[in-house]
Amino acid sequence: MTMALTNEIVKEKLVAKFGEQVTAFAEPYGMLTFEAPKELNLKVLNFLYDDEELKFRFLTDLQAVHYPEDKGRELAVVYHLHNLIDNVRIRFKVFTDISRPDVYTATGLFSGANWMERETYDFFGVNFVGHPNLKRILNVDEMDYFPLRKEYPLEDQTRIDKDDEMFGRG
Amino acid sequence: MTEHEHIRLPEGSIEKTTTTLNLGPTHPATHGVFQNILELDGERIVSAEQTVGYIHRAFEKLAERRPLYQVTPLTDRLNYCSSPINNMGWHITCEKLLNIKTPKRVDYLRIIIMELARISDHLICNSIVGVDTGAYTGFLYVMQYRELIYEIYEEICGSRLTTNIGRIGGFERNFNVIAFQKLDKFLAEYPDVLKEFIKLFERNRIFMERTQGTGAISAERALNYSFTGPNLRAAGVDYDVRVHTPYSSYEDFQFNVPVGTTGDNFDRWQVRNEEMWESLSIIEHAYRKVQEFKGPDAEVFHADVPEYYLPEKEDVYTKMEALIWHFKIIMGEINIPAGEVYSCVEGANGELGFYLISDGGRTPYRLHFRRPGFIYYQAFEEMTKGSMMSDAIVTLSSLNLIAGEIDA
């Protein structure tokens, strides 16, 4: 009987392996969250997958977030991983410069990452290097922008018939 | 030597030995807006390319401009065969972010609704598998019980398909007497109907031949494709969010997690049938627990969260404080606390996840839906390669692909 896997053990193992390159450990609502440089994303994912104790072999979700204010690291690619045996979930983020949004693909490790990465590319323009078929998936092929980036407002900003000033969102 | 090499093509003809067939985007056999570009060698599938997005409605973008309560109707339109589960999943996500603890009675009422939704979803999926293998009767027969489930929703929230049921913290109103009467009727009549439905197919030679061994996926591949829900369980992996990450007090209930062995169409069909039996017993159990509440506890249907739960209409007209809350909620003037949360429920199709990031503003900074259907539709080619085209149709149905969920 081995010890049940805890966030502390995951963190210790990651730090032992990657040292100061894994950062920003936090546990929002109990889920271990951390960051690594984007060049290391596959090394970290592989380590989490292969390690006999960690066994994070289920990719729950993969998507991006846009932080336009955070210069040099505007796009975050977020992986949610699950160890189904010990039932532990973790969240792993890599950040990238929006002018060079290249991130290695996880499709070699997870077949399920294929469409998740296509969706992330489609909406945020993250270029998943090595992806077998990186093209738009939900939007039309002719689209020439990445609609979930924050610079594309939902409503037409030229409208003058709506005055939201009173509601703190002018 | 392939079977085509001996064919001498006339001068000038195109030397293509396979046929390209567009299955969809609107074809009666696909039960939704799906396009599959199939490359066929005779009737065998050589390759399949799926095109999705025909009904993409940009929910994730829309959500960035909406206060939390206005996101609920968007979730209705993901998997619209079981909208209440999506609604509850969203409420539970918000409650997790806001640290709201719901009363036990609310949890049990939610479980009743979610399990009814699971039954109605599985019912559609399994009866459609019947339709696609040539048996229409089952589909028509069980429709009346989906109708009864919809009537129960109607008593609770006023709508049937896109329900917008419940609120952050609980329900908009208590269940009325008619809702419970209809639930009684459902619990009394449905077991016999389900038994009959299963009997119609289970040992039917044609149905068995069409579904056994077709559209199979191994447990290993299913996990690698991030399968969840009945499709993963049919391959033999007993992963169920209700057990692994209990929400809404599922930990108070005992139920089995049925699993298959081969991951083929027949196993998926069987797993869904078994899950309907389990759902029935969960509903009965939850119903008994609801009846055990006495006195004021028996009237509780929401948590006390004035910032997010609309006050009684009567109070809005007579009390200043209620009027203020009403105004602030409706206008979306309440800042939600900053934080990021991933919360998931066992949707009828698998793990339905909500990844919500708040920067402390009035709307989500980012909201992502983990849609199980989107994730496993990509395995369709691998599951159908080399099989007959007619088997691919059955596979499409038994995976329970719902266009609304895939396209978000």
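Residues numbered from 1 in each chain as written. Chains lettered and ligands numbered in written order. Predicted model: local features only at pLDDT ≥ 70, side-chain atom pairs only at ≥ 80, totals over all residues.

**Examining the overall build of chain B**
Using the following cut-off: In DSSP terms, a helix is any run of H or I states spanning at least four residues, a strand is any run of E spanning at least two, and both are numbered starting from the N terminus. To sort residues by exposure, count the other C-beta atoms lying within 10 Å of each residue's C-beta; 20 or more gives buried, 12 or fewer gives exposed, and values between give partly exposed, all with C-beta atoms placed from the backbone. For the purpose of contact definition, each residue receives a C-beta atom placed from its backbone, and two residues are in contact when these atoms lie within 7 Å.
Within chain B, the regular secondary structure consists of 17 helices and six strands. Sorting the 408 residues of chain B into buried and exposed places 49% on the buried side. Within chain B, counting contacts between residues at least 6 apart in sequence, those at least 24 apart form 71% of the total.

**Side note on the confidence of the model for chain B**
Rules: The score called pLDDT rates the predictor's confidence residue by residue, from a low of 0 to a high of 100.
Per-residue confidence for chain B averages 92 on the pLDDT scale, and 96% of its residues sit at or above 70. Here the predicted complex scores 0.92 on pTM and 0.92 on ipTM.

**A closer look at the interface of chain A and chain B**
Selection criterion: Gly is put with the polar residues, along with every residue not named as nonpolar or charged; the nonpolar set is Ala, Val, Leu, Ile, Met, Phe, Trp, Tyr, Cys and Pro, and the charged set is Asp, Glu, Lys and Arg.
Taken together, the contacts link 26 residues of chain A with 33 residues of chain B. Of all the elements, strand S3 (residues 58-66) of chain A adds the most residues to the side of chain A that touches chain B, at six residues. Of the residues that constitute the side of chain A that touches chain B, the class distribution is 15 nonpolar, eight polar and three charged.

**Points about the packing of helix H11 (residues 265-292) of chain B against helix H16 (residues 389-398) of chain B**
All names here are of chain B. Put simply, the test is: Every axis corresponds to a line fitted to the C-alpha atoms, with the helix fit spanning only the stretch in contact, and the corresponding angles, defined between N-to-C directions, vary from 0 to 180 degrees. Comment on the angle field: the value is read as roughly parallel under 35 degrees, roughly antiparallel over 145, roughly perpendicular from 65 to 115, and oblique elsewhere. Rotating anticlockwise by less than a right angle from the far helix to the near helix defines a left-handed crossing, while the corresponding clockwise rotation defines a right-handed one.
At a closest axis distance of 10 Å, the pairing of H11 and H16 adopts a crossing angle of 25°. The orientation of H11 with respect to H16, classified from their angle, is roughly parallel. Helix-helix and strand crossings are classified by hand; for H11 and H16 the assignment is left-handed. Contacts between H11 and H16 pair Asn265, Arg268 and Trp269 from the former with Val394, Thr395 and Ser398 from the latter. Across the contact of H11 with H16, the residue classes tally to two nonpolar, three polar and one charged.

**Comments concerning the pairing of strand S4 (residues 339-347) of chain B**
All names here are of chain B. Condition: Here a strand pair is declared whenever DSSP counts at least two bridges between the two strands.
Burial analysis of S4 places seven of its nine residues in the buried class, which makes it a mostly covered element. Judged from the nine bridges that link them, S4 and strand S5 (residues 350-358) form a sheet pairing that is antiparallel. Looking at S5, one finds that Gly339 is bridged to Ser358. Turn length for the S4-S5 hairpin, with the two strands adjacent in sequence and antiparallel, is two residues.

**Here we look at the sheet that holds strand S3 (residues 44-51) of chain B**
Backbone hydrogen bonds are what pair the strands of a sheet, in a parallel or an antiparallel way. All names here are of chain B. Overall, antiparallel pairing links the three strands, which are arranged S1-S2-S3 in an open sheet. Of all the strands in the sheet, the pair left with one neighbour each is strand S1 (19-23) and S3. Going from strand to strand, the sheet's axes swing by 20° on average, the running direction of each strand aside. Note that S1 and strand S2 (residues 35-41) share five bridges and pair antiparallel. Pairing of Leu23 across the sheet is with Asn36, part of S2.

**Here we look at the sheet that holds S5 of chain B**
Residue and element names in this part refer to chain B. If you walk across this open sheet you meet the three strands as S4-S5-S6, and the pairing is antiparallel. Single-partner strands in this sheet number two, and they are S4 and strand S6 (366-370). Taking the axes of each pair of neighbouring strands and ignoring which way they run, one obtains an average angle of 10° across the sheet. Pairing geometry for S5 and S6, over five bridges, is antiparallel. By the bridge assignment, Phe354 is partnered in S6 with Phe369.

**So, the pairing of strand S1 (residues 23-26) of chain A**
Residues and elements named next belong to chain A. Sheet analysis places S1 next to strand S2 (residues 32-35), joined by two bridges and oriented antiparallel. Each residue of the ladder has a partner; that of Thr23, found in S2, is Glu35. The turn joining S1 and S2, which pair antiparallel and follow one another in sequence, is formed by five residues; a positive phi near 50° is taken by Tyr29.

**With respect to the domain arrangement of chain B**
Residues and elements named next belong to chain B. To keep things clear, this is the line we draw: Here the bounds of each domain stem from an automatic or database domain assignment.
Under the domain assignment used here, chain B contains domain 1 (19-51) and domain 2 (59-407). A separation of 29 Å is found between the C-alpha centroids of domain 1 and domain 2. Taken together, the 14 residues of domain 1 in the interface contact 18 residues of domain 2. Put simply, the parts of the chain that give the side of domain 1 that touches domain 2 at least two residues each are S2 and S3. Per-element accounting of the side of domain 1 that touches domain 2 gives the leading share, five residues, to S3.

**So, the packing of helix H4 (residues 104-132) of chain B against H16 of chain B**
Residue and element names in this part refer to chain B. Relative to each other, H4 and H16 sit at 170°, their axes nearing to 8 Å. Considering the angle they form, H4 stands roughly antiparallel to H16. Contact residues: H4 offers Cys125, Ile128, Val129 and Asp132, while H16 offers Ile393, Val394, Ser397 and Ser398. Split by residue class, the contact of H4 with H16 holds five nonpolar, two polar and one charged.

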